[in-house]
Amino acid sequence: MIRIALTKGRIEKKAIELLTEAGYDCSELEDKGRKLVFKLKNADIEVVLAKAADVITYIEHGVCDAGIVGEDTIMEHGKWFHEILDLGFGKCKFALAGIKGMNFYEGYSHKVIASKYPKVTKNFFNQKGIDVEIVKIEGSVELAPILNLADAIVDIVETGSTLRENGLEVYEDVAYISTRLIVNTASIKLKKAEIDDLVKRLSAVISKDENDA
């Protein structure tokens, strides 16, 4: 048996569609109630629903063999596992954004950046050789430049509508991201046949969808 940790929410919905198209019976996941662990009816696979950061934890500690999680979480929470497959959905980007019409790189050298993703933010500015102060925000990070808490933000941007509605704009793209299949380091060896079969079936669906697009 292999155990898959699946990120709850928007990724969960798309992942269930992908697994179903790959031939797995995910009917219990479609009417799950408050359950968190499910056995697929037509495969020796157990699915665990978890928050994104916890998916990483379960994979790294070996209690789950594979995980479906956004690349944003991978970039922020470490990478002690194998990143196997780009699943082709959940596409968006990290972006540096702030008050519309401002030139971020002009003026005084000390910059304050607000973000839910301090590691991603730090790595981005380290690559530029720019030292910044990072303020971690858990809620609506767009408030930080509006309230003069920060000069800019680093956040996930999909359509950009939230930025526009709050008088903000993208200054620079940081990284493009999507949803990934990750696998525990030991599981990729000990359960090679099962993991290979999962990857093969998901890859076939992804290739078909790309060809149909």
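Here the residue index of a chain counts from 1 through its sequence in written order. Given that the model is predicted, a residue must reach a pLDDT of at least 70 before its local features are reported, and side-chain atom pairs must reach 80 or more before they are shown or counted; all residues, however, enter totals for whole chains, interfaces and linings. Hydrogens and water molecules were not included; the side-chain quantities draw on all heavy atoms of the structure.

### Side note on a nonpolar patch on the surface
Our working rule: To count toward a patch, a residue needs a relative accessible area over 30% and no salt bridge; like charges are then connected within 9 Å, while nonpolar side chains (Val, Leu, Ile, Met, Phe, Trp, Tyr) are connected within 5 Å. Each accessible area is a Shrake-Rupley estimate made with a 1.4 Å probe; only the visible protein chains count as cover when residues are assessed. A side-chain nitrogen of Lys or Arg and a carboxyl oxygen of Asp or Glu constitute a salt bridge if their distance falls within 4 Å. Starting at the N terminus, helices and strands are each numbered in turn, a helix being any DSSP run of H or I of at least four residues and a strand any DSSP run of E of at least two.
Together, Ile99, Met102, Leu143, Ile146 and Leu147 give the surface a local cluster of nonpolar side chains, amounting to about 460 Å² of exposed area. Tracing the backbone shows Ile146 in helix H6 (residues 143-146).

### A look at the packing of helix H1 (residues 10-21) against helix H9 (residues 192-212)
Put simply, the test is: All axes here are fitted lines through C-alpha atoms, helices being fitted over the stretch that makes contact, and every angle between N-to-C directions spans 0 to 180 degrees. Should an angle fall under 35 degrees it is called roughly parallel, over 145 degrees roughly antiparallel, and 65 to 115 degrees roughly perpendicular, with every other angle called oblique. Contacts are assigned to residue pairs that have any heavy atoms within 4.5 Å of one another. Amino acids outside the nonpolar list (Ala, Val, Leu, Ile, Met, Phe, Trp, Tyr, Cys, Pro) and the charged list (Asp, Glu, Lys, Arg) are all regarded as polar, and Gly is one of them.
Where H1 meets H9, the closest approach of the two axes is 9 Å, and the angle between their N-to-C directions is 100°. Between H1 and H9, the interaxial angle falls into the category roughly perpendicular. Here Leu18, Leu19 and Glu21 of H1 lie close against H9, whose contacting residues are Leu198, Leu202, Val205, Ile206, Lys208 and Asp209. Residue composition of the contact of H1 with H9, grouped by class: six nonpolar, no polar and three charged.

### Details of the environment of Val132
Structurally, the position occupied by Val132 is in strand S8 (residues 132-136). With 21 residues separating them along the chain, Val132 and Lys111 place their C-alpha atoms 5.2 Å apart. Residue contacts for Val132: discarding those within four places in its chain leaves Lys111, Ile113 and Phe125.

### Here we look at the pattern of salt bridges
What counts here: Each residue's exposure class comes from its accessible area (1.4 Å probe, protein chains only) as a fraction of the maximum for that residue type: buried when under 20%, exposed when over 50%, partly exposed otherwise.
Tallied over the entire structure, the rule returns 16 salt bridges. The residue Lys39 makes a salt bridge to Asp44 at a minimum N-O spacing of 4.0 Å. With a relative accessible area of 38%, Lys39 lands in the partly exposed category. Linking Lys192 and Asp196 is a salt bridge whose minimum nitrogen-to-oxygen distance equals 2.7 Å. Of this pair, Lys192 and Asp196 both sit in helix H9, four residues apart, which is roughly one turn of the helix. Connected through shared salt-bridge partners, Glu71, Lys79, Glu83, Asp86 and Arg180 make up one network.

### Some details on the environment of Ile59
Checked against the element boundaries, Ile59 lands in helix H3 (residues 52-60). When near neighbours in sequence (up to four residues on either side) are disregarded, Ile59 contacts Cys64, Asp65, Ala66, Gly67, Phe81, Ile182, Val183 and Asn184.

### What to know about the side chain of Glu71
Among the structural elements, Glu71 can be located in helix H4 (residues 71-77). Leaving out residues up to four positions away in the same chain, Glu71 has contacts with Glu83, Tyr176, Ile177, Ser178 and Arg180.

### Quick notes on the packing of aromatic side chains
Our working definition: Two rings belonging to Phe, Tyr or Trp (six-membered ring only in the last case) form a pair when the distance between their centres is within 6.5 Å. Interplanar angles under 30 degrees mark stacking, angles over 60 mark edge-to-face geometry, and anything in between is tilted. Definition used: whenever NZ (Lys) or CZ (Arg) falls within 6 Å of the ring centre and also within 35 degrees of the ring normal, the charge is taken to sit over that ring.
Evaluation of the coordinates by the stated rule reveals five aromatic pairs. Ring geometry for Phe94 against Tyr117: centres 4.9 Å apart, planes inclined by 75°, an arrangement best described as edge-to-face. Highlighted residues: Phe94 in strand S6 (residues 92-99) and Tyr117 in the loop between strand S7 (111-115) and helix H5 (118-128), separated in sequence by 23 residues. Residues Phe104 and Tyr105 carry aromatic rings whose centres are separated by 4.9 Å and whose planes lie at 85° to one another, so their mutual orientation is edge-to-face. A relative accessible area of 6% places Phe104 in the buried class. The side chain of Lys111 reaches across the aromatic face of Phe104, ending 5.1 Å from its centre. Above the face of the Tyr24 ring, Arg201 is positioned so that its terminal group lies 4.0 Å from the ring centre.

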